[in-house]
Structures are given as C-alpha cells and as structure tokens.
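Residue-level listing of the chains:
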Amino acid sequence: MTTTSDTTGQTMTTKPAGRNLTRRGLIQRAGVGAAVLGVLFAAGGTAAQASTPAAPRSVTAAHAAPNLPPGDTSNGADNFYTSDQVRVQKVSFKNQYRMNVAGNLFVPKNIDRRTKSPAMVVGHPMGAVKEQSANLYATKLAEQGFVTMSLDLSFWGKSEGRPRNAVSPDIYAEDFSAAVDFLRTQTFVDKERIGALGICGSGSFVISAAKIDPRIKAVATVSMYDMGAANRDGLRKSLTLQQRKDILNQAAQQRDVEFAGGPTAYTSGTPEKLNDNSTAVEREFYDFYRTARGYSPNTTTHPTLTSNVKFMNFYPFADIETISPRPMLFIAGENAHSREFSEQAYRLAGEAKELVIVPGAGHVDLYDRVDLIPFDKLTAFFRTNLK
C-alpha cells in the first residue's frame, strides 16, 4: 500500500494512475443482477432479469449436497479460520425492535477479565451471515487482544426477522447499536472503548449507526458498498432513471402478488450457477458463496424483491462528516469493483480519516484472503483509537 500524509497529518493513499481496464470493462457491460446482495447495477437490463422466484429454502437445499467445488483458495483464503488463542461464545440479545439478534463473542484467552478491554462489533457482507468473513475478522482481531463480536443482521442467519432475507437498512444499523448495548454490559469490556467494523454492505450500515450512536468510538470498513447508491445508480452511475423506475414498478406489482397470497420473489444476489455469459463480478462472488471456500447453508444472498427497493431511500454518506472527530478507516482493493464507494466516503468524511488501497486485491479478495487483508493496519487503527 502506498501512503502519503495530507495537510492534517492523516495518512492517505495515493491513487494509482492506472486501473484494471479488463475488469472494469466487464463490469460496465454487466447486466442487472450481475453482483451479489441485491445490488441492481447495470448497463442495461431490468429488475425482472434480476429477480428469482426460488425461495431461500429451495436454494439452500440445492447446495446442501457434498462435494462442492473448492473455490480459489490462493493468497491464504481461510474464511473458516479458528484460533486456539480465542474463546468463542454464542450470544443473543434484543435490538430496540425487540428482535433477537444472534452473535458470536470472541474473547482472547489471555485477557485479564478483572480489567476493562477494548471491544468491537464486526458486520458481515450484505445477504451473508456471520460465518462468512465476519467471524474471520473477529477471530483475527481477538488474537490481537480485542473483545470482538460478529453478528447476524436481522432477517438473516440465526437472527430473527420475517420475512426472511428482508431488507431494512434502519434495522440493520440498529443491530450494530444493539450489539454495542450488549458489549457495554460485559464486565471485562471498557464501555468507552468500543469500535465497529463493517465488511461490504455492513460498511454502509455501520456508518449509518455511527452517525447517531456516539458510543461507537472508531469505525472501519472493508470492501464497502454504499447499498443506497448501488441500488439507485449502479456502479459508476450506470443505472438510468428509467431503469430505476422500472425496478420500482416491478417491486410494487410484486407487493400486490404477495398481498394476495402469491409466492415471494427474490432478486439479484450471487448466481446459483455460472454460464458462458456470466460476468466477472458474478464469477467473483460465486467463487466465495457457492464453493467450499465460503459456502454456508444459512444464506442465499438473495433479498426479497419487494424489500430491496428500500435501499433506494438509504443515504449512509449523508452527514458522514458529523461522525468526526471520531476516526474512520476505509479499506478497499485496488481492483475492487466497489472501490468507488470507499473513495467517496473518504472524500466526504471529516477528520480524522484514512483510506487504504490494497494492491492487487479485488472486492471479494478482502473477505477471506488473509495474505491480502491488512490486519496489521486494522489492529493499529483500533489500538490507536480505542486507547
């Protein structure tokens, strides 16, 4: 990573002059539903192309068979990493909507429970579960002496919420604050030294939470998606206004279908199968979610069609500067299709802030490739800012 200091003394990255044009070109030609997490970014296409009528239960069953392909495990990919230095405890707590939120609490075995330790909440990619990426980050940071918690966002994994796979940005942000509620009750956690880390879509949710919850003292994001902008505008604003209206109209019509007792429709997300026309983004996500590398039976990544449009009313970067002077760290891969969101958040955020670009890394690379993930940077950031 190449870094320089700005005029305020904060560390910032210098942007490379070149981009991966092959990847970029493929992304620009991608159809609607090319990426995971209900993101409807496109250069052409409609929401109808992204929707899938398959229910999550049948999708999961289709991939419950053994002998999944191994996936690309280069650069130390280790999503299911565990550590003999860390104790893991399953926990559950209620958010302000009285919904049970499921989490894993990671406590270093060598900490003195008679003292107060810094802690943090770790959020998974949108549409995933805590066992995908979040547990890995929580374990690695617990090894460095932090008390950490991964959580399943409401409507996903083992957390409550009906219908399953529903999109509710406000409740997602609330889940982070509810996790802070829980951590503040632990006798070995310092109430005034709690941070938060969001991966992919959770990056935007943790920003949303931090704007209104000053108990979150430091914020880091990795491979962040602004889930609002991605759904309103697509990558690099490739979604036209008419396409946006078409998506809204389809979701509205589907509400009529479901109100009348019809089947639930799901949209976008990681494809269940690849074909000759699969895009680079689809293949990138498939290699994590649909292979042994990152597969979990408790997720499909397909949000409900009718709820996914709620992201169009989600503006996590509005007033992001009000988080200041609490520090923010944005980490993105050099070749990540989502890089624009971390760069925009960095531009808009107040001081103190830092942007780290990981050379040679794509978006999903930073989910689990431990040889690429800058855990040393994350450790230093939270140690410095959760003193």
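Residues numbered from 1 in each chain as written. Predicted model: local features only at pLDDT ≥ 70, side-chain atom pairs only at ≥ 80, totals over all residues. Heavy atoms only, no water.

Chemist: An account of the pairing of strand 12 (residues 353-358) is needed here, citing residue identities and associated values.
Modeler: Most of strand 12 is tucked away, with six of its six residues classed as buried. Burial along strand 12 is two-sided: Lys353, Leu355 and Ile357 facing one way and Glu354, Val356 and Val358 facing the other are all buried. For strand 11 (residues 328-333) and strand 12, the ladder comprises six bridges, and the chain directions are parallel. Among the inter-strand pairings, Phe330 is bridged to a residue of strand 12, identified as Leu355. Note on the crossover from strand 11 through helix 11 (residues 339-348) to strand 12: the handedness is right-handed. (Buried < 20%, exposed > 50% of the residue type's maximum accessible area, 1.4 Å probe, protein only. Helix = DSSP H or I, 4+ residues; strand = E, 2+ residues; numbered from the N terminus. Pairing = 2+ DSSP bridges. Right-handed = clockwise from strand over helix to strand, strands pointing away.)

Chemist: Please give an account of the packing of helix 5 (residues 169-184) against helix 6 (residues 202-212) that cites residues and values.
Modeler: Helix packing geometry: the angle between the two helix axes and the distance between the axes. Packing of helix 5 against helix 6 leaves a shortest axis separation of 8 Å and a crossing angle of 70°. In this view, helix 5 runs roughly perpendicular relative to helix 6, as classed from their interaxial angle. The hand of the helix 5/helix 6 crossing is right-handed. Within the contact between the two elements, helix 5 uses Tyr172, Ala173, Phe176 and Ser177 and helix 6 uses Ser202, Phe205, Val206, Ser208 and Ala209. Grouping the amino acids of the contact of helix 5 with helix 6 by side-chain chemistry returns six nonpolar, three polar and no charged. (Axes fitted to C-alpha atoms, helices over the stretch in contact; angles between N-to-C directions. Parallel < 35°, antiparallel > 145°, perpendicular 65-115°, else oblique. Left-handed = near helix turned anticlockwise from the far one by under 90°. Contact = heavy atoms within 4.5 Å. Nonpolar A, V, L, I, M, F, W, Y, C, P; charged D, E, K, R; others polar.)

Chemist: Describe the environment of Lys377, listing the residues and the values that go with them.
Modeler: Considering the arrangement of structural elements, one finds Lys377 in helix 13 (residues 375-385). Taking the relative accessible area as the measure of exposure, Lys377 reaches 23% and is therefore partly exposed. Considered as a pair, Lys377 and Ile331 are 46 residues apart in the sequence and their alpha carbons are 9.4 Å apart. Aside from chain neighbours lying at most four places away, what touches Lys377 is Leu329, Glu354 and Val356.

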